[in-house]
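# Working through the structure, step by step
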Amino acid sequence: MNQPTSSAQSKAAIDPADRLIVALDVPSAGQARAIVDQLGDAVRFYKIGLELFMSGNYFELLDWLVARNKKVFVDLKFFDVPETVRSAVRALSSSGATFATIHGNQAIMEAAGADKGGLKILAVTVLTSLDRGDLDDLGFACDVDALVLSRARRALAAGCDGVVSSGLEAPHIRAELGERILVVTPGIRPVENRPVDDQKRTVDVSQALANGADYLVVGRPIRNAADPVAAAWRMQEQIAQALGQR
């Protein structure tokens, strides 16, 4: 599939400072709180996922973040029979979370979209830790771009608000679906698409935004930086510059 030639940059009315989502992929809620306190005003939006869920105090942390006027991305990738997913989404819809992720087929996505309330549902397309060889191992005999775009079309039709997608596939989503769907892009790295860890399909800040991402999920490049606060502010500056806000 050929890459779209024109800029796919999102035109959504999102405050640039809200576009950076920091992944709190740490072993305990106490460590997560310490990171949030350290980053202060540099970050407004946080992702809390499976590692924290299994450590305990997950929902106490969610409440703590919301009480501090932070936006929360619940990344638990719900995947179960449709009625169970519907019930889980319904229960989460009053938590104050902004985003939640789901996996699954059309029926699961439709169930999640039915009782979401003000919660925005994001369908996972292809994890950024997977490449062509991994998809072959999983039995997906199709192009990565085609698979991601198919998942995005189906998610939109099912009533989901957006997708989680690599920045490499975001231009195709934006070119076909325009501003009708949110694109949340993990695997953001300071340098362009150089594998340094388990993330394989990565982009940098400027490329992700030019390709159509609405939100950028960043974990290790901020958490493991020598100065996490400076790293977060630097990324906020890059976002503002890429969007023409500075």
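Above: the structure in question.
Below, the structure is looked at part by part. Within each chain, residue numbers correspond to sequence positions counted from 1 in written order. Two thresholds apply to this predicted model, a pLDDT of at least 70 for residue-level local features and 80 or more for giving and counting side-chain atom pairs, whereas whole-chain, interface and lining totals are computed over all residues. In computing side-chain values, all of the structure's heavy atoms are included and hydrogens and water are not.

## Observations concerning the overall build of the protein chain
Within the protein chain, the regular secondary structure consists of eleven helices and eight strands. The contact criterion used throughout is that any non-hydrogen atoms of two residues lie within 4.5 Å. Taking all contacts inside the protein chain whose residues are at least 6 apart in sequence as the whole, residues at least 24 apart take part in 66%. In short, Shrake-Rupley with a 1.4 Å probe defines the accessible areas, and a residue's cover is counted only from the protein chains shown. In the structure as shown, the protein chain presents an accessible area of about 10800 Å², 51% of it carried by carbon and sulfur atoms. Strands are runs of DSSP state E lasting at least 2 residues, helices are runs of H or I lasting at least 4, and numbering of each runs from the N terminus.

## Looking at helix H7 (residues 144–158)
How far a helix is expected to stretch is found by multiplying one less than its residue total by 1.5 Å. Helix length check: H7 (15 residues) gives 21 Å between terminal C-alpha atoms against 21 Å at 1.5 Å per residue, within 8%. Buried within H7 are the following residues: Val144, Asp145, Leu147, Val148, Leu149, Arg151, Ala152, Ala155 and Ala158. The first or second residue beyond H7 is Gly159, which carries a positive phi of 100°. Only protein chains enter the accessibility calculation, which uses a 1.4 Å probe; a residue is then buried when its area is under 20% of its type maximum, exposed when over 50%, and partly exposed in between.

## A closer look at the packing of helix H1 (residues 29–39) against helix H3 (residues 58–67)
Angles here are taken between N-to-C directions and fall from 0 to 180 degrees, while the axes themselves are lines fitted to C-alpha atoms, restricted in helices to the stretch in contact. Viewed as axis vectors pointing N to C, H1 and H3 meet at an angle of 15°, and their least axial separation amounts to 10 Å. Put simply, H1 runs roughly parallel to H3. Like other packed secondary-structure pairs, H1 and H3 cross with a definite hand, here right-handed. When H1 is examined against H3, the residues Ala29, Ala32, Arg33, Val36 and Asp37 are found in contact with a partner set consisting of Glu60, Leu61, Trp64 and Leu65. Among the residues forming the contact of H1 with H3, the class breakdown is six nonpolar, no polar and three charged. Orientation labels follow simple angle bins: below 35 degrees gives roughly parallel, above 145 gives roughly antiparallel, 65 to 115 gives roughly perpendicular, and whatever is left gives oblique. Working rule for handedness: look at the near helix, and if it is turned counterclockwise from the far one by less than a right angle, call the crossing left-handed; if clockwise, right-handed. Residues are grouped as follows: Ala, Val, Leu, Ile, Met, Phe, Trp, Tyr, Cys and Pro are nonpolar; Asp, Glu, Lys and Arg are charged; all remaining types, including Gly, are polar.

## Observations regarding the packing of helix H5 (residues 106–114) against H7
Closest axis-to-axis distance for the H5/H7 pair is 8 Å, and the angle between their directions is 40°. As judged from the angle between their axes, H5 and H7 are oblique. Every pair of crossing elements has a handedness; the one defined by H5 and H7 is right-handed. Contacts between H5 and H7 involve Gln106, Met109, Glu110 and Gly113 from the former and Arg151, Arg154, Ala155, Ala157 and Ala158 from the latter. Looking at the contact of H5 with H7 residue by residue, the class counts come to four nonpolar, two polar and three charged.

## Here's the deal with the pattern of salt bridges
A carboxyl oxygen of Asp or Glu within 4 Å of a side-chain nitrogen of Lys or Arg is what we treat as a salt bridge. For the structure shown, the criterion picks out eleven salt bridges. A salt bridge links Arg44 to Asp15; its shortest N-O distance comes to 3.0 Å. Highlighted residues: Arg44 in the loop between H1 and strand S2 (45–48) and Asp15 in the segment before strand S1 (20–23), separated in sequence by 29 residues. Arg44 gets classed as partly exposed once you look at its relative accessible area, which sits at 34%. With a closest N to O distance of 3.0 Å, Lys116 and Asp161 form a salt bridge. Here the residue Lys116 occupies a position in the loop between H5 and strand S5 (120–124), and Asp161 occupies one in the loop between H7 and strand S6 (162–164), the gap between them amounting to 45 residues. Each of the two residues, Lys116 as well as Asp161, counts as buried. A single network of salt bridges, built from pairs that share partners, joins Asp15, Asp18, Arg44 and Lys71.

## Overview of the sheet that holds strand S4 (residues 99–102)
Any two strands with at least two DSSP-identified bridges between them are counted as paired. Pairing in this closed barrel of eight strands is parallel, and the strands run S1-S2-S3-S4-S5-S6-S7-S8 around the ring. Each adjacent strand pair in this sheet contributes to an overall mean axis angle of 25°, direction not counted. Pairing geometry for S1 and strand S8 (residues 215–218), over three bridges, is parallel. Paired with Val22 across the strands is Val218, a residue of S8. Packed onto the sheet, helix H4 (residues 82–92) meets strand S3 (71–78), S4 and S5 and runs at close to 165° relative to S3.

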